[in-house]
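Here are the chains, one letter per residue:
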Amino acid sequence: MNCHEFHKMIPDLLAGTLSPEELSVAREHLTTCPACAEALRMARETLRSVTPRFEPSVPEGLEARLLDAVHHRATAPQPPVRRAPRRRLVGLLSGIVSAAAVVIVALTFGLNTPARAARNRLTQAIASMEGLHSIRIELRIRTSEAENFDYIDPLEEFVPHTLEAIYTPRLLWRVEKPGRKALYDGEHTYLWYDSLNDGLIQPYTPDAIGMLNLLIDPSQLLELERQFTKTHTGARYELHRKAEVLYLKVISPAQGDFSQSDHERNTSILESNTRREYLFDAESGRLLEACVTLLAEEGERTLLEIGRIEYDAPIDAPTLTALPEGIAWECPAQALPSGRLTGIGAEEAARLILGAFATWDNEILDEALRNYGTHARELLQSRYSGATAERLSEPVRSGKYPGWFIPCTLRMADGSREKIRMALRNDNPEKSWVIDGGL
């Protein structure tokens, strides 16, 4: 390795992204070249002095332009020197420009150092998950027992969850919380409610357990965090070692579009301003614990805690996929849409659905409620049959939800009024509008 090649490696030395072989070659060069050792020392000192506590968004192409300028200055031939005074001046200017080049490199890569360090740690942790046979995770989430697995509520108490998965020879998993459970047997996803004795059978559907799908294989969660380090979402990173563990902190603003409505703010992890903290085993790189805290104007509130992760846990596959008795199972996919709720906008679909409440028009409502089980539809019919829409507001988007929210006021069959915010989506293959919540 020559000095020119070493100077090109300084940014990766600062970021810690060299391979073991490249690092060995760089260290060998440093033992024989005091000039390069001094250049690296200057770069490190400069980096420590300019590294901010947050990661600003660097304009696209700036890094490449600055490095090209540095490379051009380092390799450009020097003009002939004839007089001693000019020689001293050129030497002084050359030293100043060389120092400036090191500062530019340190600044450019220093701005990204916290995110790069986090990315490297996440990459190592993802690699450490390879070869796992099974996993068992115990966690607590502030949510409602009856709500879906993705839902959080900072005002609720903690609800315990357990998640178990087997990876080989094929993927099997089970997720449980009081009142709501789901499992995947290698072919279908089963979702059921203890109180309703009602269950749905679907093809493999990760959305059935929302964000907890990322914990079926924790490398998915870590990969999501790793991608965030590349996208300038406004997140800030901090990584340091505590004894035998590595601590990664991510402070992230709520993700999604809240320009029309704040309805979905603080209803899921990604749609909240959070501090996400991860503990990794310093030797193996595996995730040990995790904690997610809501950062709100009124104070902080822990939303999720992973208290125990057992890798290669002894899990029996037949027990994992055993279905409960006494559940009335239904396959919503068999209820094909009538077509009444396709090819129209969200507001028109809402009017048709609410209009169908008055006489409980099954042609429309079987399509709109096809993601609900038979028992759930019977409960909805007993409550909303005969209701009429008294007021319907314009549909709005909120957060990361792929559909629309329609605030409306219903006059119930008994003359009372009820305000609801119907959630409608049509991101299915048929592009048919279905009710996704709000009732």
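Preceding this paragraph is the structure being described.
Treat the numbers as computed from the prediction; the structure is a model and nothing was measured.

The element strand β9 (residues 274-281) is extensively covered by neighbouring structure, given that six of its eight residues are classed as buried. Relative to β9, strand β8 (residues 245-252) runs antiparallel, the two sharing eight bridges. By the bridge assignment, Y247 is partnered in β9 with L279. Relative to strand β10 (residues 287-296), β9 runs antiparallel, the two sharing seven bridges. Residue pairing in the sheet places Y278 in a bridge with A290 of β10.

Another point: the packing of aromatic side chains. Counted according to the given criterion, the structure contains eight aromatic pairs. Measuring from ring centre to ring centre gives 5.4 Å for Y190 and W329, while their planes differ by 85°; the resulting arrangement is edge-to-face. Of the two residues, Y190 sits in strand β5 (residues 188-193) while W329 sits in strand β12 (residues 328-330), which places them 139 residues apart along the sequence. Y190 sits in the buried class, given a relative accessible area of 11%. Take W329: its relative accessible area is 27%, and that puts it in the partly exposed class. With a centroid separation of 4.8 Å and 35° between ring planes, the pair formed by Y401 and F405 is classed as tilted. Across the pair, exposure class does not vary: Y401 and F405 are buried alike. A network of ring pairs unites the aromatic residues W173, Y184 and Y204 as a single cluster. Above the face of the F258 ring, R265 is positioned so that its terminal group lies 4.1 Å from the ring centre.

Here the focus is the sheet that holds strand β13 (residues 388-392). On the basis of which strands lie adjacent, the open sheet formed by four strands has the order β13-β14-β15-β16 and antiparallel pairing. Strand pairing shows two members of the sheet lacking a second neighbour, β13 and β16 (434-437), which therefore form its edges. For this sheet the average axis-to-axis angle between neighbouring strands, irrespective of direction, equals 50°. Sheet topology places strand β15 (residues 417-425) next to β16; three bridges connect them, and they run antiparallel. Note on β16: the bridge partner recorded for A423 is G437.

Calculation rules
- Residues numbered from 1 in each chain as written.
- Predicted model: local features only at pLDDT ≥ 70, side-chain atom pairs only at ≥ 80, totals over all residues.
- Heavy atoms only, no water.
- Buried < 20%, exposed > 50% of the residue type's maximum accessible area, 1.4 Å probe, protein only.
- Helix = DSSP H or I, 4+ residues; strand = E, 2+ residues; numbered from the N terminus.
- Pairing = 2+ DSSP bridges.
- Phe/Tyr/Trp six-rings, centres within 6.5 Å; stacked < 30°, edge-to-face > 60°.
- Lys NZ or Arg CZ within 6 Å of the ring centre and 35° of its normal.
- Axes fitted to C-alpha atoms, helices over the stretch in contact; angles between N-to-C directions.

In short, the description is geometric, and any link to function would need to be established separately.
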